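Below are the chains, spelled out letter by letter.
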Amino acid sequence: MAIIRYGTEGNTGTGGQALPFAKAVAAGGWLYISGQTPMRHGEVVEGGIVEQSRLAIENCLAIMHQAGFEKEHIVHVKVFLTDARYFSSFNKVFADYFADAPPARICAVADLVVDCKVEVDLTCFNPEYMADK
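Residues numbered from 1 in each chain as written. Predicted model: local features only at pLDDT ≥ 70, side-chain atom pairs only at ≥ 80, totals over all residues. Heavy atoms only, no water.

**Things to note about the side chain of Asn59**
Mapped onto the fold, Asn59 is located in helix H1 (residues 49–66). Apart from residues lying up to four places away in sequence, Asn59 is in contact with Gln36, Thr37, Pro38 and Met39. (Helix = DSSP H or I, 4+ residues; strand = E, 2+ residues; numbered from the N terminus. Contact = heavy atoms within 4.5 Å.)

Written out as structure tokens, the structure reads:
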């Protein structure tokens, strides 16, 4: 079984620091996307929970598409919010993206190492994915 790592070169975080992990790893039809925050070009985008949630999800989806997976392949989502009061607003954004085929999900409140309101990661599965690699 081949393991394919995406986004290992030039992967930067806040302040342009090099990050020591892949944006995603595919193995055996599975794709594991590292936690994504509401960042563009290595900087957190200001805004409320709705704007930050959309960007964190969009960042995950962009990596997923780069790896050749589609939304129907998403099986699990992990969400970390910095405040429990964001839960309802996050759910509304989440429904905009996943209402048609909701994945399993966990949502927890945690301190994040990046100064933002939300972090999201995805796990995808496509049994045919590795067959054509």
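**What about the packing of aromatic side chains?**
Here the structure, examined in full by the defined rule, presents five aromatic pairs. For the ring pair Trp30 and Tyr32, a centre distance of 6.2 Å and an interplane angle of 20° mean the geometry is stacked. Take Tyr32: its relative accessible area is 44%, and that puts it in the partly exposed class. Ring centres of Phe94 and Phe98 lie 4.6 Å apart, and the angle between their planes is 45°; this geometry places the pair in the tilted category. Of this pair, Phe94 and Phe98 both sit in helix H2 (residues 87–98), four residues apart, roughly one helical turn. Overall, Phe94 belongs to the buried group, its relative accessible area being 9%. Taken together, the ring pairs connect Phe90, Phe94, Tyr97 and Phe98 into an aromatic cluster. (Phe/Tyr/Trp six-rings, centres within 6.5 Å; stacked < 30°, edge-to-face > 60°. Buried < 20%, exposed > 50% of the residue type's maximum accessible area, 1.4 Å probe, protein only.)

**Focus on the environment of Glu9**
Residue placement: Glu9 occurs in the loop between strand S1 (3–6) and strand S2 (24–27). Between the C-alpha atoms of Glu9 and Lys23, which are 14 residues apart in sequence, the distance is 9.6 Å.

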